[in-house]
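Now for the letters of each chain:
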Amino acid sequence: MFVAVLTYKVAIEEVEKHLNEHVEFLKEQYEAGNFIASGRKVPRTGGVILSNMKSKNEFEEVLAKDPFKINDVADYEIIEFVPTMTSKELDFLKQG
């Protein structure tokens, strides 16, 4: 499982120019089953994407298609982790 932490590196006005395309990208990835949660950081300095993709390389390839990445408005930190404990509602995420 992976968490991508996005940090904006341009003014929010520049980010918003690409927001609609970014949202469409997110919707496509939910449809494909690649993402399971996403949202804005508070304060609004970036965002977070939670993915259950199996391969970091595949996740990076998908993120490379994000309009925020293409237009160089955000940096991406990818954190890989293995969920070993969850609430009952998220048992399906357990990997070991």
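For the structure itself, consult the block above.
Computed from a predicted model, the values in this text were never measured in an experiment. (Residues numbered from 1 in each chain as written. Predicted model: local features only at pLDDT ≥ 70, side-chain atom pairs only at ≥ 80, totals over all residues. Heavy atoms only, no water.)

Caption draft 1: Quick peek at the pairing of strand 1 (residues 2-8). Most of strand 1 is tucked away: 6 of the 7 residues are buried. The pairing of strand 1 with strand 4 (residues 74-80) spans 7 bridges and is antiparallel. Counted as the bridge partner of Leu6 is Tyr76 from strand 4. (Buried < 20%, exposed > 50% of the residue type's maximum accessible area, 1.4 Å probe, protein only. Helix = DSSP H or I, 4+ residues; strand = E, 2+ residues; numbered from the N terminus. Pairing = 2+ DSSP bridges.)

Caption draft 2: Summary view of the packing of aromatic side chains. Tallied over the entire structure, the rule returns 5 aromatic pairs. Residues Tyr30 and Phe35 carry aromatic rings whose centres are separated by 6.2 Å and whose planes lie at 90 degrees to one another, so their mutual orientation is edge-to-face. For Phe35, a relative accessible area of 3% translates into the label buried. Where Phe35 meets Phe59, the ring centres are 6.2 Å apart and the plane angle is 85 degrees; that geometry is what we call edge-to-face. Of this pair, Phe35 sits in strand 2 (residues 35-40) while Phe59 is found in helix 3 (residues 56-63), placing the two residues 24 residues apart along the sequence. Relative accessible area serves as the criterion here: at 0%, Phe59 is assigned to the buried category. Members of the aromatic cluster, joined through ring pairs, are Phe2, Phe25, Tyr30, Phe35 and Phe59. (Phe/Tyr/Trp six-rings, centres within 6.5 Å; stacked < 30°, edge-to-face > 60°.)

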